[in-house]
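Below, each chain spelled out in residue letters.
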Amino acid sequence: MLTGLTIVFLGGDARQVEVINKCIELDALVRLVGFDKLENSPSGVRHEALSSVLLQEADIIVMPVIGCDDNGIIAAPFGSGDLVMKQELFMAIREGALVYTGMAKSLLRRMSTEYGFRLIELLDRDDVAIYNSIPTAEGALMMAIQNTDITIHDSTCVVLGIGRTGFTLAKTLQGLGAKIRVGVRREADAARAAVMGWEPFMTRDLTAYTSDIDLIFNTIPTMIITAQIISKLPRRTVIIDLASAPGGTDFRFAEKRGIKALLAPGLPGIVAPKTAGIIIANTLCQSITEEFHLRGDEE
Ligand code: NAP
């Protein structure tokens, strides 16, 4: 239970609504900024304006998955406009207060160091990334279906990287009857791929595996699908790049060659905001419980 804790939510999309509901369920004192246009506003919360006084009172501040940008702007699609975190607002956050986000940009990290609040980035956690790989894989599948005129069944798919996202994606595609090749850089991953019934190859040899591909899914966050690779792909190949921006594809050259290449960021929030929200909500509440127990132990 989160009884007695004041949690301030600053903006966020449909995922945040799940987090808010969970915190209410666990008896936290919930205050919302940037949710005044939310239909069916949950009962037992207070809508507030963004102010230093409000932030001073917070034990916990929850920002959206993408946090604030480097100008301090927080997207608040359910509010009357975006929120702006000015320096004096960061300054008002109590030392030792917890500030949660998915992934922080440099301003937020800097403010945390400067003003002594504890920044916790949930997407850093392995468990969150693994759970999140499920809606990501489903989103990638949706994009593949929308952008091809063939079935996934019997198609030849290359998945680059079998980390948290690539593994789930390869398994999902395999479940639909696709032929899976996976690009890895470590022998242990090649062995794991073989166990799974996928055809492994080393990413350094990617050029040798470019013939006869229907779909390439990239999860490697570095330039990997280069112009040289793209020049060898069949014209029908569709590239779906899941790696964080700017992705790992030479999009300019793909367009020049007439190969469809799509950067697909933020899929969990697009295809399954409720599930993605529940994943964040569970982890956040577990983390808060741990953090406050830890403090109790230390005192
Ligand atoms: P991850 O678990 O770290 O997996 C990354 C994979 O890429 C690992 O297999 C890693 O191999 C491999 N890799 C990295 N650099 C490589 C290189 N130079 N050559 C060959 N292989 C390389 O990460 P993840 O959680 O799966 O996320 C992957 C990417 O997807 C990230 O950019 C993440 O931000 C993004 N993402 C996007 C969405 C979306 O909605 N589009 C959702 C979730 C994640 P090693 O193990 O050998 O390092």
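Cut-off values and rules
Residues numbered from 1 in each chain as written. Predicted model: local features only at pLDDT ≥ 70, side-chain atom pairs only at ≥ 80, totals over all residues. Heavy atoms only, no water. Salt bridge = Lys/Arg side-chain N within 4 Å of Asp/Glu carboxyl O. Helix = DSSP H or I, 4+ residues; strand = E, 2+ residues; numbered from the N terminus. Buried < 20%, exposed > 50% of the residue type's maximum accessible area, 1.4 Å probe, protein only. Pairing = 2+ DSSP bridges. Axes fitted to C-alpha atoms, helices over the stretch in contact; angles between N-to-C directions. Contact = heavy atoms within 4.5 Å. 1 Å grid on protein atoms, 1.4 Å probe; cavity = no way out; pocket = protein on both sides within 12 Å on 5 of 7 lines; lining within 4 Å. Points joined across faces, edges and corners; volume = space filled by probe spheres on them. Expected span 1.5 Å × (residues − 1). UniProt positions renumbered as here; feature names shortened; annotations may be inferred. Near = heavy atom within 4 Å. Polar contact = N/O pair within 3.5 Å; in protein donor to acceptor, adjacent residues only side chain to side chain. Areas by Shrake-Rupley, 256 points an atom, 1.4 Å probe, with all protein chains shown as cover. Sits in = over half its atoms within 2 Å of the grid points. Nonpolar A, V, L, I, M, F, W, Y, C, P; charged D, E, K, R; others polar.

Side-chain pairs of opposite charge can arise where the charged atoms are in close proximity. If you walk through the whole model with that rule in mind, you get 16 salt bridges. Here Arg118 makes a salt bridge to Glu291, at a shortest N to O gap of 2.6 Å. Residue Arg118 is found in strand β8 (residues 118-121), and its partner Glu291 is found in helix α11 (residues 273-298); the two are separated by 173 residues along the sequence. By relative accessible area, which is 37% here, Arg118 ends up partly exposed. A salt bridge links Arg181 to Glu199, with the nearest nitrogen and oxygen atoms 3.6 Å apart. With Arg181 in strand β10 (residues 179-184) and Glu199 in strand β11 (residues 199-202), the pair connects residues that are 18 residues apart, well separated along the chain. Exposure remark for Glu199: the relative accessible area of 40% places this residue in the partly exposed category. Overlapping salt bridges bring together Arg31, Arg46, Glu48 and Glu57 as one network.

Okay, the sheet that holds strand β3 (residues 45-47) next. The strand order across the open sheet formed by six strands is β3-β2-β1-β4-β7-β8, and the pairing between neighbours is parallel. Pairing within the sheet leaves two strands with one partner each, and these edge strands are β3 and β8. Sheet twist, expressed as the average angle between the axes of neighbouring strands with direction ignored, equals 20°. Direction of pairing for strand β4 (residues 60-62) relative to strand β7 (residues 98-101): parallel, over a ladder of three bridges. Its bridge partner being in β7, Val62 is matched across the sheet by Tyr100. The sheet strands contacting helix α1 (residues 14-25) are β1 (6-10), β2 (29-33), β3 and β4, and the helix crosses β1 at an angle near 170°.

This brings us to empty space enclosed by the protein. Taken as a whole, this structure holds one cavity of 30 Å³ or more when the rule is applied. Its volume calculated, the largest cavity comes out at about 60 Å³. Contributing to the lining of the largest cavity are Gln16, Val62, Met63, Pro64, Val65, Tyr100, Thr101, Gly102, Leu122, Ile280 and Leu284. Put simply, the parts of the chain that give the lining of the largest cavity at least two residues each are β7 and α11.

A separate point is α1. Look at α1: 17 Å from first C-alpha to last across 12 residues, which is about the 16 Å you get at 1.5 Å a residue. Regarding α1, the residues found buried are Arg15, Gln16, Val17, Glu18, Val19, Ile20 and Cys23. Positive backbone phi, approximately 75°, marks Asp27, located one or two places after α1.

The next point concerns the UniProt feature "domain: Dipicolinate synthase subunit A N-terminal" (unreviewed entry) in the protein chain. Residues annotated by UniProt as "domain: Dipicolinate synthase subunit A N-terminal" (unreviewed entry) correspond here to residues 7-122. Helix makes up 29% of residues 7-122 and strand 23%, with an end-to-end C-alpha separation of 16 Å.

Moving on, we get to the site of the ligand. Within the structure, the ligand sits among 21 residues, and Thr165, Arg185, Ser244, Ala264 and Leu267 are positioned closest to it. Gly266 is positioned with one of its backbone polar atoms (N or O) 3.3 Å from an oxygen atom of the ligand. A distance of 2.7 Å is found between an oxygen atom of the ligand and a backbone nitrogen or oxygen belonging to Leu267. Coverage of the ligand by the protein chains reaches 75% of its 930 Å² of free accessible surface. In this structure, the ligand is accommodated by the largest pocket. Counting only elements with at least two residues in the shell around the ligand, the list comes to α6 (164-175) and α10 (267-271). Residues that form the shell around the ligand fall into these classes: nine nonpolar, nine polar and three charged.

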